[in-house]
Every structure is written in structure tokens, then in C-alpha cells.
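Chain and residue survey
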Amino acid sequence: MLARFFADTLQLGVAQAMVTFVLALAAVYVARRQGIHLERESIVALIRGFIQIVLVGSILVFLFRGPSWASVFILFLMMLAAAGTAARRARGVSGAFVISFYGIAGGAGIVIVLMTWLGAIDPRMASLVPVGSMVIASAMNSNAIALERFRAEMKSQVGYIEAGLALGAAPDRVVAPYVQAAVGAGMIPRIDTLRALGIVWIPGLMAGMILAGSDPVYAAIYQFVVVGMVFAASGLTSVISTLLIRGRAFSPAEQLQLSVQE
Amino acid sequence: MPEGDGTSERLRTVLRTDHLTRVVEGRALVDDVSLSIERGEVVAIVGPSGSGKTSLLRLLNRLDEPTGGNVFYEEQDYREIPPRELRRRAGMLLQQPYLFPGTVSANLAYGPASHGENLPEDVISDLLQQVGLPGYGDRDVSRLSGGEAQRVSLARTLANGPEVLLLDEPTSALDESSQLGVEELICRIVGERQLTCLIVTHDRAQAVRIAGRAVVLEAGRVVDSVPTSEMKHAR
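Residues numbered from 1 in each chain as written. Chains lettered and ligands numbered in written order. Predicted model: local features only at pLDDT ≥ 70, side-chain atom pairs only at ≥ 80, totals over all residues.

What follows deals with the overall build of chain A. A tally of regular secondary structure across chain A gives twelve helices and zero strands. Along chain A, from the amino end to the carboxyl end, the secondary structure elements read α-α-α-α-α-α-α-α-α-α-α-α. In terms of overall dimensions, chain A has C-alpha extents of about 75 × 50 × 35 Å along its principal axes. Classification of the 262 residues of chain A by burial places 34% in the buried group. By sequence separation, contacts in chain A at least 24 residues apart represent 73% of the contacts at least 6 residues apart. (Helix = DSSP H or I, 4+ residues; strand = E, 2+ residues; numbered from the N terminus. Buried ≥ 20, exposed ≤ 12 C-beta atoms within 10 Å, placed from the backbone. Contact = placed C-beta atoms within 7 Å.)

Next comes the structure, spelled out in C-alpha cells:
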């Protein structure tokens, strides 16, 4: 319907964004009626998200014309930003930023490099940056979930952990169940994504490829490839981050460190 | 505390703390504690709540790190002993049993398995017999009473073959009848195995029943060390 009133795509986009704003504000209003006061956070997040994505879109117009090595730089910056976001969510974990950066760079980085080398990701910036950003964003979420879960497990299981240490067990053995729980927690959302793929949701990348004229079957397969990469990156990130935080949870004399408990 | 001069005196001293101190956020939890514990001695650490009893015991098992002073096991600086070996030699029983999910046998085998030793079935049976729980090996720990769980916890600590037993208020979470049962068990096992034992308790009557000597702590400092027979005179 909106297309009837706006011939220019930019104007149409702004109109669509406005409608979305109204819908989102309606959701905030409904939540408010239920006593859930997230008005400020929601409105700030909506405006911030809109400005950020439009800015990125504008920058990409120029960057896509730039040299392909620039995409490595962009992905590196994205990893730094992702580590910062994940570290904020894992508050209370000592060294959360460094752990998150190594986890995301290790997990997402390996997958992006490997898949680009194999030719599964087009090395041109127009493809590498969007696909890479999906992989990094997912790794960021898994990282934050895994770190938070590990911290919560350590906090609630201090007695069992110290009972194990007091029996002369190695810290790695004592916390093995909590490492497993944390890695699992980081991966479960991605497993659910794979399970629901094509049934509950048809992801945007596939929809975009079909709209752009790609063969629907190839678009579907490529979407699976991307979701598979996301899954692999999340799994690797969860493992790397959890093992790194486990290393920081104990002192050289194998004592539980307070920085993880608090 | 008197320190021995000769070699035989040194060998008799199993555990010695030398100006042991732990300060956390400006507060001394353990303050300049110097103690000598002889082989086979049963010492009660008594004092009001927050006097540093548990903090002292945790330092001896090296669950926490001292900020000053030192500990010597058989005159060896305890920082020279690998932490896992130290914790096996000085077995600690916590206030709560903290049994790992699974069977009683699996819990008993946990410590030895940590250093690659497979605890034989007959040893598990013997340990359960000693703690008054014969035939409990296959029982799931979730089905145990509080007193039974603490007995299993004691057996689990003993499975490591410790020379020193560090008991942190082992009966405080139990009802009175279980408390007396566990107390008797501790006395019997410590006597039979000729273990050196430090028991933290806030109950002076319990200290008299179990220990030969009581060390009284106040605000992290040792304020008295007396035979329990003279406990009424302890400050």
C-alpha cells in the first residue's frame, strides 16, 4: 500500500520505518499497561538502531567501492564492538572484554577465514561484510550467554567446587559440569535456529536472494550454509570463551578466585 | 607456642603455622596465628562467630592464600607441596557434605580418581563399614539423610588417606541425635587411624568431648590454648 504513495525508494523506506516505529511503540504501550516499564530503553534502542543501520548502509555504499582488504578491517572492528557488547552483558566476569574478543575472534574468525578460503563466502566486500557480520553477531550472543551461564553456575555451586578442590581434584575436573553447561547454553539457541530453519522462519538472506532473482533452491542451500557457519562459529566461540574464563577462575595455587564469584 | 629444638621434636610436629595471617579488604580474618600441632593430637578451634575459625582451617587446606606468615607440614613449607597433594594429605570436611550427584560409591572414589587411582570395591565397603553405613555403596546420594550424608562426606575424605583431618563444624547442620552419632564416629576414626585432627566448633562442650586441646580465637587472633579439661578457665 505504501508503495502507491512513494515512488522514490528512499522515501518509501522512511515511510516503512515510521510504520514500524508506530507498531513498536504500540508494543511498548501494551507492555506499559501490564506494568512493564521499558519505554525509555525501547525508544532509545529504536532510534539508536535506526540511526546505526542507516549510517552503516551509507558507509557501505562507499566501502563497497573500496579495496577488498578493507573488509578485513571492518570485520575486525565489528569483532571489537561485539566483544565490548558481550563483555557488558557478562558484567562481574573479570577480563570479560579480552575473553570475549579472543572467543569471538577465534570462533567467528576461523569460520569466516576458512569459508572464504574454500569459496563458500564471496571475498568481495559486498558479500563478505554482511555474511561475516551475521557470523560475528551470533558468536557475540553465544559468547555472552556462555560467560553468564558459567559465572552463574560458579556462583551457585561454590560449595561443590570447593568440596572437589578440598579432595585434591584438579580445577578442570571440578568445574567440568559447569563448563559443559555453559558451552551448551551458548549453542542451544543456534541448534534451535537450525531446527526451525525453513519451517518456523525463512531467513532474510534467502528471501533477499530470491527477491534479487537467485534460484530459490540455491538460495535455500546458501542460507543453510550461512546458518551452519553461524552454528559453527557460536560453538567454537562458546568453547573458547568458556575455557578462557575457566582459566581465570582459579589462582595458580588452584584456589577459586573471587572475581568470578562476585 | 613452644617449638621443639631436636629432630625428634620436629618429627612429632605434624603441622605448624608461623605468624599466619589473612587480610581481606583491610580486615584481618586470621591475624598472626602461630600454632604447633603434634602427631595424633586432636585440637579444637573454638571461638565466637566471625572469629576466624573457618578462615584458619581454609588456609591450612590452602583453599585460601595467606597474606602473611606460613604453614609447615612436617616442617616442609606448604607452598612447596603441590596443592592437590597437600589437600589429600590434609583432608578437609566442610560444614555441608556437598555430595556430588550420583551414588555413594562414586563419591568415595572421587578423590582417589582425581590422581588416577581406582578405589577398589573392598576399600569402599571397608570405608562405609567404618562410617556405619554398610551396604550403602549403590545408594543415590539424594536419598540420604543429613547425618548419613555427612558420614559419606567423612568417608570420602578418608578415602584419600589423609594424615591430617580438618573438620569445619561437621555437625553444625545436623539434628542432635545425628550430631552425637557423627561426633562418636569422628572420635573413633581419629583414634583408630591415629590421625592428627583440627576441628572447628562453636560448641565448647563438643570441643571437650572430642579434643584434647582447645585453641581459642577472637577476631582472628589466638587468645588462649589450653587442654580441654581446663576449658572452663579458657577465656
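This part is about the overall build of chain B. Within chain B, the regular secondary structure consists of eight helices and ten strands. Computed over C-alpha atoms, the radius of gyration of chain B comes to 17 Å, within 12% of the 18 Å expected from 2.2 N^0.38 for 235 residues, which places it in the range of a compact globule. Principal-axis analysis of the C-alpha atoms places the extent of chain B at approximately 45 × 40 × 40 Å. Once local pairs closer than 6 in sequence are excluded, the contacts in chain B between residues at least 24 apart make up 67%. (Rg over C-alpha atoms; globule rule 2.2 N^0.38 Å.)

This brings us to the pairing of strand β9 (residues 213-218) of chain B. Residue and element names in this part refer to chain B. With four bridges connecting them, strand β3 (residues 42-46) and β9 associate as parallel partners. Paired with Ala 44 across the bridge in β9 is Ala 214. Of the strand pairs in this sheet, β9 and strand β10 (residues 221-227) are connected by six bridges, and their pairing is antiparallel. When the sheet's bridge partners are listed, Glu 218 is paired in β10 with Arg 221. Here β9 hands over to β10 after two residues, with Ala 219 in that stretch at a positive phi of 50 degrees. (Pairing = 2+ DSSP bridges.)

Mapped onto the elements, Arg 62 of chain B comes out in the loop between α2 (53-60) and β4 (68-73). In this structure the C-alpha to C-alpha distance between Arg 62 of chain B and Tyr 136 of chain B, which are 74 residues apart in sequence, comes to 31 Å.

A few words on the sheet that holds β9 of chain B. Residue and element names in this part refer to chain B. The strand order β6-β7-β8-β3-β9-β10 describes an open sheet built from six strands, whose pairing is mixed. Two strands close off the open sheet at either side, each with one partner strand: β6 (90-93) and β10. Pairwise comparison of adjacent strand axes, ignoring direction, gives a mean angle of 20 degrees for this sheet. (Axes fitted to C-alpha atoms, helices over the stretch in contact; angles between N-to-C directions.)

Opposite the 22 residues of chain B that make contact, chain A presents 15 residues. At the level of secondary structure, the elements contributing two or more residues to the side of chain B that touches chain A comprise α3 (83-89), α4 (104-114) and α6 (146-158) of chain B. At five residues, α3 of chain B tops the list of elements feeding residues into the side of chain B that touches chain A.

Turning our eyes to something else, we now look at the environment of Glu 184 of chain B. Tracing the sequence through the fold places Glu 184 of chain B in helix α7 (residues 176-193). In the structure, Glu 184 of chain B is positioned 39 residues away from Ser 145 of chain B in sequence and 17 Å away in space, judged by C-alpha atoms.

Ile 104, Ala 108 and Val 135 of chain A together with Ile 45 and Leu 198 of chain B are the most contacted members of the largest nonpolar core, which has 126 residues in total. With 14 residues, the single largest contributor to this core is helix α6 (residues 125-156) of chain A. Setting aside residues up to four positions removed in sequence, Ala 108 of chain A forms contacts with Met 79, Val 135, Ile 136, Ala 139, Ala 233 and Thr 237 of chain A. (Core = buried A, V, L, I, M, F, W, Y, C linked by C-beta atoms within 7 Å.)

Let's shift gears to the sheet that holds strand β5 (residues 76-77) of chain B. All names here are of chain B. Pairing within the open sheet is antiparallel, and its four strands lie in the order β2-β1-β4-β5. Only two strands of the sheet have a single neighbouring strand rather than two, namely β2 (27-38) and β5. Of the pairings in the sheet, the one linking strand β1 (residues 13-24) to β2 comprises eight bridges and is antiparallel in character. Bridge pairing in β2 places Leu 15 opposite Ile 37. In the packing of α2 onto the sheet, contacts are made with β1, β2 and β4, and the angle to β2 comes to roughly 60 degrees.

Domain boundaries assigned for chain A yield domain 1 (1-63) and domain 2 (68-261). For domain 1 of chain A versus domain 2 of chain A, the distance between C-alpha centres works out to 28 Å. (Domains from an automatic or database assignment.)

Any residue range with low pLDDT should be treated as having predicted coordinates unsuitable for detailed reading. All names here are of chain B. Looking at chain B as a whole, its pLDDT mean stands at 89, while 94% of the residues score no less than 70. Per-element averaging of pLDDT across chain B places helix α1 (residues 7-12) at the bottom with 57 and α4 at the top with 95. Note that residues 1-6 has pLDDT below 50 and, in this model, nine contacts with residues that lie over four places away or in other chains. This prediction of the complex comes with two scores: 0.80 for pTM and 0.89 for ipTM. (pLDDT = per-residue confidence, 0-100.)

Residue and element names in this part refer to chain A. As a packed pair, helix α4 (residues 69-89) and helix α5 (residues 96-118) sit with axes 8 Å apart at the nearest point and diverge in direction by 135 degrees. Our classification of the angle between α4 and α5 gives oblique. Of the two possible hands of crossing, α4 and α5 adopt the one that is right-handed. Contact residues: α4 offers Leu 75, Met 79, Leu 80, Ala 82, Ala 83, Gly 84, Ala 86 and Ala 87, while α5 offers Ala 96, Phe 97, Ser 100, Phe 101, Ile 104, Ala 105, Ala 108 and Ile 112. For the contact of α4 with α5, the per-class residue count stands at 14 nonpolar, two polar and no charged. (Parallel < 35°, antiparallel > 145°, perpendicular 65-115°, else oblique. Left-handed = near helix turned anticlockwise from the far one by under 90°. Nonpolar A, V, L, I, M, F, W, Y, C, P; charged D, E, K, R; others polar.)

So, on to α4 of chain A. All names here are of chain A. The terminal C-alpha atoms of α4, which comprises 21 residues, lie 31 Å apart, in line with the 30 Å expected from a rise of 1.5 Å per residue. Those residues of α4 not exposed but buried are Ser 71, Leu 75, Met 79, Ala 82, Ala 83, Ala 86 and Ala 87. The buried residues of α4 all sit within an arc of 145 degrees when viewed along its axis, so they share a single face. Exposed and facing more than 90 degrees away from the buried side of α4 are Phe 73, Leu 77 and Arg 88. (Expected span 1.5 Å × (residues − 1). Arc of directions from axis to C-beta.)

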